Amino acid sequence: MRVFAFALLILASAAQAAPTLSLPPSAMRTAEDQSAMGSYALPVGPWKAGKVESLRTEGEVTQTAWRIRDGSVTTMGLLATLRDQLGREGFEILFECAADECGGFDFRFATPVLPEPEMHVDLGDFRFLSARRETGDAPDYVSLLVSKSTDSGYVQMTRVGAALVQPLPIAAAEFSPQESAPSSDSLADQLVANGKVVLGDLRFATGSTELGGEDFPSLDALADFLSAHPDKAIALVGHTDAEGPLAANVAVSRKRAQSVVDRLVSLHGVNPAQLTADGVGYLSPLASNLTPEGRSQNRRVEAMITSTR
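Since the structure is predicted, the reported quantities are computational estimates derived from the model, not experimental observations.

What counts as what
- Residues numbered from 1 in each chain as written.
- Predicted model: local features only at pLDDT ≥ 70, side-chain atom pairs only at ≥ 80, totals over all residues.
- Heavy atoms only, no water.
- Pairing = 2+ DSSP bridges.
- Helix = DSSP H or I, 4+ residues; strand = E, 2+ residues; numbered from the N terminus.
- Axes fitted to C-alpha atoms, helices over the stretch in contact; angles between N-to-C directions.
- Contact = heavy atoms within 4.5 Å.
- Buried < 20%, exposed > 50% of the residue type's maximum accessible area, 1.4 Å probe, protein only.
- Polar contact = N/O pair within 3.5 Å; in protein donor to acceptor, adjacent residues only side chain to side chain.
- Parallel < 35°, antiparallel > 145°, perpendicular 65-115°, else oblique.
- Left-handed = near helix turned anticlockwise from the far one by under 90°.
- Nonpolar A, V, L, I, M, F, W, Y, C, P; charged D, E, K, R; others polar.
- 1 Å grid on protein atoms, 1.4 Å probe; cavity = no way out; pocket = protein on both sides within 12 Å on 5 of 7 lines; lining within 4 Å.
- Points joined across faces, edges and corners; volume = space filled by probe spheres on them.

Taken in spatial order, the four strands make up an open sheet running β7-β10-β8-β9, and their pairing is mixed. Every other strand in the sheet has two partners, leaving β7 (196–198) and β9 (275–279) as the edge strands with one partner each. Looking at each pair of strands side by side, their axes are set apart by 20° on average, direction ignored. Bridge count for strand β8 (residues 234–239) against strand β10 (residues 300–305) is six bridges, and the pairing is antiparallel. Within β10, the position partnered with L236 by the bridge is A303. Taken strand by strand, helix α5 (residues 217–228) contacts β8, β9 and β10, and its axis lies near 155° from that of β8. Contacts between helix α6 (residues 246–268) and the sheet are confined to β8, β9 and β10, with β9 contributing the most and set at about 160° to the helix.

Rendered as structure tokens:
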């Protein structure tokens, strides 16, 4: 994957104090919290024996969150790009983990996270790393928490070090969303690890149950997975928000899942015996239906492994 083609800029006077990160151009800073002099328990190990192993750090503590409005980004791809950039800027990775290996729920709630909806964390799909760079007078510490919803990626950076002159602005640049689309390997990893994966790049016409006409990288990846694993079966499960009666939502969600099955069979050559379609309406939300963002996350189609071999 190429490095994403835009940077978070910093003033020259602060260039040695803060990392320069790259994110897709659809990224928007959603929240920032800064303490002129504070401390931060930097995680350097997973949740274990009732606590997270951490390193006490002191200095200016800045937490910043960004939302990337692109449903095709993956947590693996986002973190890999940011990790590579930190390495090029002299940071040493102290600890890295993903979801369950971090400690899942316990890890997430044992470390400071900016509130929803500015920073969203899917407990089944998040990644974390912590890093340190020696800068002379005092080390510079950074942690990154990466997660996603059905239509967006989320990044939180916690930085501890010398005082910065001003917040980090974002510079616009060109970017191809295809570069962050899920690969066969990353989709397979999520399916095998979690038993299911949200096909976050799918698009349906407003008020329609028919899948849009464009290419969807997630379906390419899912077709590759099924071709490589002919013994596996997948259920496509549609979900809706909570607007309208349950029976109508179940019907819509089932028809949308069937539309995905039809596309996989007709255009990707998937064996129909490996696929089923169903819908559960609003009975399995990912987020609150009380906000537009939450309702958007809840409208989705998931692929779920149903075979046990």
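The next subject is the side chain of D151. Tracing the sequence through the fold places D151 in the loop between β5 (140–148) and β6 (153–161). Note on D151: relative accessible area 17%, which makes it buried. A polar contact of 3.1 Å, which involves the side chain of D151, links it to the side chain of S149. In terms of polar contacts, D151 uses its side chain to reach the side chain of S296, at 2.8 Å.

Let's shift gears to the packing of α5 against α6. At a minimum axis separation of 11 Å, α5 and α6 run at an interaxial angle of 70°. The angle between the axes of α5 and α6 places the two elements in the roughly perpendicular class. The handedness of the crossing between α5 and α6 is right-handed. For the pair α5 and α6, contact is made by L219, D220, L222 and A223 and by V260, R263, L264 and H268, respectively. Its residues assigned to classes, the contact of α5 with α6 comprises five nonpolar, one polar and two charged.

Moving on, we come to the layout of surface pockets. Quantified by volume, the second largest pocket comes out at close to 400 Å³. If you go around the second largest pocket, you meet 26 residues; those closest to its centre are D122, D125, Q190, V197 and V198. When residues of the lining of the second largest pocket are traced back to their parent elements, those giving at least two are α4 (184–194) and β7. When its residues are assigned to classes, the lining of the second largest pocket shows nine nonpolar, eleven polar and six charged.

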